[in-house]
Structures are given as structure tokens and as C-alpha cells.
Amino acid sequence: SFRFYPELSSGINAEYGEVIWCVYRPADIGKCEDLAIAYSQGGTSLDIKCEDYTNKGGAESCWTRVLDGRNTITVIDAPEIYKAMRAATDESSIRVALGEDYDGSGKVERGSLIHDYWVGVVAGGRSDLKVSEMRGERICLPEYENYGAWETAMGYFAWRGWFDPSERCDPLWTVTRYFGNSCLPDRSGAIPDHWKICAACSKGTCSGESLYLGQRGALTCLSSGAGVVAFVHLKAALSVYDSPEGSTLKLLCRDDSQSPIDGWSGCNFGAVRTAGLVYNSNMAAGDVSTLQRELANPPVNVQNIIFNTEKYSLTEKKVIFSGEVTSLHVLQSEESRDPRTYLGEEYVAHKDALHCVTSAAALQVLSAPALHCVTSAAAVLQVLSAPVGMLLMIVLLV
């Protein structure tokens, strides 16, 4: 009983047993439609309705629907899961039912729900470079708004307290001020081209940058001498490991040392979890179980659709359950479905530090525009030590 909904007023009005799947990329529409038809014809109990949000705000529009709707689901990557968790009035209201599982060749074991790791690749000849002494150094990053990737790499610096968020709680501004002339390609037009985060790009601007765009582009930025460190996925670093250039490259480690690329397991800046299928905690337990069972163990007529990429992503690489995914990992316990548990405490801590994010109580107190994103007790103390923080203390005392 397949029906396609261009737009539904609210997922919370869905009938019991019906699951509204919100999609936000053009490549996802056809795949969702085919999955819905295949499941309806396969004699399963999973009844999918596809909701098209491709022109209504991207991933955020879908996870917002999940927060509002009882039987709405969507598939989002780790940075979007983090944002949804932080946007929720109660972070436990968003849950993760399934995680994408990769074969893990060269990286991690299957079932770990780890997609990749972030590493800092150091240019040959810079054996003196230490992670704690990176202020003013030139860096290469893959792309602004690329799955929130550049933020994931930079979160470690914020967590260590090397960035100063007190003046302006803006990750992009903070990174721009901390590092020297660098390159962060930007196809969104959000970064002013005169900022020094753009000065090392091939054209001297972040917008329109193509040579240094993406994971391989960041490594090209490094090899050209535009930067001294490229923050990329481990998979990209391993791709150059066996090349002539690879023998001269090292990884930047947290303890101020450097390591050969094959020593990545003890020398990285954190794991990136796989994309997850999220739902609202109000969804009926029976619906969640059905969803997990039918998607993780698809019937024969669904198997050639669910992980197919080529048929659906003609113009873009990302599509729900891409061909790189080998299976879907069922999160059995309520604890494992918690977004914080899924992402990992370290990941959350690094992102919180970069965005100066804090508790709800602190948010109510620190509500000035300059402090639109706030955090842990340590971060609050940092903020209160700044001039605007002192002003807030005076106001509170009065």
C-alpha cells in the first residue's frame, strides 16, 4: 500500500504501523519510493510513506520533523545527529534505531559503527611540528559544510582549550583567527573570501575552490606546499600511504609526537560514527522493532535495492544506505539508541567545546546574542572570565 507524500502536515498524525520516511536529497527520493513498493509487495509488515523534503532545508528539515512527529524517521550522519540532539528540548527524545555498517577494510572492525577517523597529515620536512603549537600554522581542510567534517577535526583543539570562544562563539571565526593562511573550500558562499582561512587556496578565495576541494583536494593542498597539515579522513591518508610521497608523510599525534601513517590507531583526532536511522522516542515499541527487523534483514525483493547506489545517485555521491554500506546494525538496548552513546562521549565533548554548548540551565542565563551557543561548567567559567561574562555576573548580582 505505497503512497508518496510530497508534504505531510505532521508525522504525528500517521496511522499506527505506518512509518513516514523523510528524505532530503534528490537521490533519496527514488530509492525511498522503490523501497516502499518492494516492502509492500514482499508480504512484510513494514509500511513506508516517503516524505519529500529535498527543497525544504536539507537534513535539518527532516530531523526537525522527527523531533515533532511520532512515526517519522530519517537517515542522517553523525554531525546532524549531534545537531538534532542539541536542538531537542529533551535530547533523549531522538533515538537511533539502526547504524550503517561498513566492511572496515584497513580501518575498523565490522559492527563498530565507526565510519572513519580524523587524522592530521604532516608535510615532509616538518618533524618539528607539535599539535599544541599549531597557532599561526597553515592548514588544509576538505570543505566547509562537508558533513560538519571540518568541525569534527577542529573540535579537539577547542576541547583542549587552545581556541578562545569568549569573544565570539563562532567555530569558523575561531578557526580563522587561530591558524595562519589556510584553505577551507566553500561552495555555500558563507566564508568571506578576504579571511585568511581562504588565503592559501589555489585562487586565494574559499568560494569557487576546486583544486583543493574534498579529502583528496586537502592532500593536494598539502603536497603543493599551501599548508603544512591536512586534516582528513584516515581513508584518504591511507590512499597515499603506498605512494612515493607517502613515505615522507607523518601523522600529528595528541601527545605532541608524530607517527607513520600506519600508526593511526594511536594517533588520530577522534572517530566519526556512521550515519544512523533516527526516530522519535514516542514511536510505538512495536513499530521500532518492525523497522529494525525488516530493514536489517530485508526480504529477497528488497536486497538488490537497499544498498544500491549507482541506480539512484547519478549526480551526487551520497544516498541513503550507499553501496559502501554492507549491512545495518540493530541497536538493541535503549542505552545504545541514545544519541550521546551512539556518537561517543569524546565526539560530543569536542563538538560542545567548539560550539561553546552547555546545559539548559546555563543557556537560560547566558542568553545574550554573543553567547548564543554555550556549554559545560568549564566552558561557563571561561565565558564568565570574559568581559561579557563579567557584565552578566554584575547583572545577576544586581
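Each chain carries its own residue numbering, running from 1 in the written order of its sequence. Where totals are concerned, whole chains, interfaces and linings use all residues; where local detail is concerned, this predicted model gives features only for residues with pLDDT of at least 70, and gives and counts side-chain atom pairs only at 80 or more. The side-chain values count all of the structure's non-hydrogen atoms but skip hydrogen atoms and water molecules.

Which residues make up the state of the cysteines, and what values go with them?
When the sulfur atoms of two cysteines come within 2.5 Å, that pair is taken as a disulfide. Scanning the model with the defined rule gives 6 disulfides in all. Put simply, Cys22 and Cys62 are joined by a disulfide, and their sulfur atoms are 2.0 Å apart. As the torsion about the S-S bond is roughly -75°, the Cys22-Cys62 disulfide counts as left-handed. Taken as a pair, Cys22 in strand 2 (residues 18–23) and Cys62 in helix 2 (residues 58–68) lie far apart in primary sequence, 40 residues in all. Covalently, Cys253 is tied to Cys267 through a disulfide, its sulfur atoms 2.0 Å apart. Taking the sign of the S-S torsion, -105° for the link of Cys253 and Cys267, the bridge is left-handed. Here Cys253 is found in the loop between strand 9 (250–252) and strand 10 (258–259), whereas its partner Cys267 is found in the loop between strand 10 and strand 11 (271–273), with 14 residues between them in sequence. By the burial criterion, Cys253 is buried, and Cys267 matches it. Strands are runs of DSSP state E lasting at least two residues, helices are runs of H or I lasting at least four, and both sets are numbered from the N terminus onward. Accessibility here uses a 1.4 Å probe with only protein chains present; expressed as a share of the type maximum, an area under 20% marks a residue as buried, one over 50% as exposed, and anything in between as partly exposed.

Before we move on, can you summarise the packing of helix 2 against helix 3 (residues 78–87) with the specific residues and values?
Working note: a packed helix pair is described by the angle between its axes plus the distance between those axes. The convention used is that axes are lines fitted to C-alpha atoms, helices contributing only their stretch in contact, and that angles between N-to-C directions extend from 0 to 180 degrees. Two elements in contact, helix 2 and helix 3, have axes separated by 10 Å at closest approach and are oriented at 45°. As the angle between them shows, helix 2 and helix 3 are arranged oblique. The interaxial crossing formed by helix 2 with helix 3 has right-handed handedness. Between helix 2, through Ala59, Glu60, Trp63 and Leu67, and helix 3, the contact on the second element is made entirely by Glu80, Lys83, Ala84 and Ala87. Between 65 and 115 degrees an angle is taken as roughly perpendicular, under 35 as roughly parallel, over 145 as roughly antiparallel, and anywhere else as oblique. With the far helix as reference, a near helix turned anticlockwise by less than a right angle produces a left-handed crossing, and one turned clockwise produces a right-handed crossing. Any pair of residues with heavy atoms lying within 4.5 Å of one another is described as a contacting pair.

Go over unusual backbone geometry with me, naming the residues and quoting the values.
Here the phi dihedral of Asp256 falls at roughly 75°; this positive angle occurs in a residue that is not glycine. Counting through the fold element by element, Asp256 comes out in the loop between strand 9 and strand 10. Residue class for Asp256 comes out partly exposed when judged on its relative accessible area of 28%.

With reference to specific residues and values, describe the confidence of the model for the chain.
Per-residue confidence from the predictor is reported as pLDDT, a score between 0 and 100. Mean pLDDT over the chain works out to 80, with 80% of the residues at or above the 70 mark. Within the model, pLDDT remains below 50 along residues 1–16, and this stretch shows 47 contacts once partners closer than five positions in the same chain are excluded.

Before we move on, can you summarise the environment of Val75 with the specific residues and values?
Tracing the backbone shows Val75 in strand 4 (residues 72–76). For the pair Val75 and Cys22, spaced 53 residues apart in sequence, the C-alpha separation works out to 8.3 Å. Excluding anything up to four places from it in sequence, Val75 contacts Trp21, Tyr24, Glu100, Ala275, Gly276, Leu277, Ile320 and Phe321.

Summarise the packing of aromatic side chains; cite the residues concerned and give the values.
Each Phe, Tyr or Trp ring (for Trp, its six-membered ring) is paired with any other whose centre lies within 6.5 Å, and the angle between the two planes then decides the class: stacked below 30 degrees, edge-to-face above 60, tilted in between. Per the counting criterion, the structure on display carries 18 aromatic pairs. Taking 5.6 Å as the distance between ring centres and 65° as the angle between the ring planes, the aromatic pair formed by Phe157 and Trp162 counts as edge-to-face. Classification of Phe157 by relative accessible area gives buried; the value is 0%. Ring centres 4.9 Å apart and planes at 70° place the aromatic pair Phe163 and Tyr178 in the edge-to-face group. Separated by 15 residues along the polypeptide, Phe163 in the loop between helix 4 (149–159) and helix 5 (171–178) and Tyr178 in helix 5 bring together distant segments of the chain. Taking relative accessible area as the criterion, Tyr178 reaches 5% and is therefore assigned buried. Put simply, the rings of Tyr156, Phe157, Trp159, Trp162, Phe163, Tyr178, Phe179, Phe231 and Phe269 pair up and form one aromatic cluster. When the ring centre of Tyr53 is taken as origin, the NZ or CZ atom of Lys56, which lies over that ring, is 5.4 Å away. Counting as a charge over the ring demands two things of the Lys NZ or Arg CZ atom: a distance within 6 Å of the ring centre and an angle within 35 degrees of the ring normal.

Can you tell me about the pairing of strand 3 (residues 47–52), naming the residues and giving the values?
The element strand 3 is extensively covered by neighbouring structure, given that 6 of its 6 residues are classed as buried. Because side chains alternate across strand 3, one face comprises the buried residues Asp47, Lys49 and Glu51, and the other comprises Ile48, Cys50 and Asp52, equally buried. Any two strands between which DSSP finds at least two bridges are classified as paired. Of the pairings in the sheet, the one linking strand 2 to strand 3 comprises 6 bridges and is parallel in character. When the bridges of strand 3 are listed, Cys22 appears paired with Glu51.

Describe the packing of helix 3 against helix 12 (residues 345–355), naming the residues involved and giving the relevant values.
Running from N to C, helix 3 and helix 12 cross one another at 70°; their axes reach a closest spacing of 11 Å. One element, helix 3, and the other, helix 12, form an angle in the roughly perpendicular class. Our pair here, helix 3 against helix 12, has a crossing hand that is right-handed. Counted together, Ala78, Pro79, Tyr82, Met85 and Arg86 of helix 3 and Tyr347, Val348, Lys351 and Asp352 of helix 12 form the full contact between these two elements. Residue polarity follows a fixed list, in which Ala, Val, Leu, Ile, Met, Phe, Trp, Tyr, Cys and Pro are nonpolar, Asp, Glu, Lys and Arg are charged, and the others, Gly among them, are polar. A class-by-class count of the residues in the contact of helix 3 with helix 12 yields 6 nonpolar, no polar and 3 charged.

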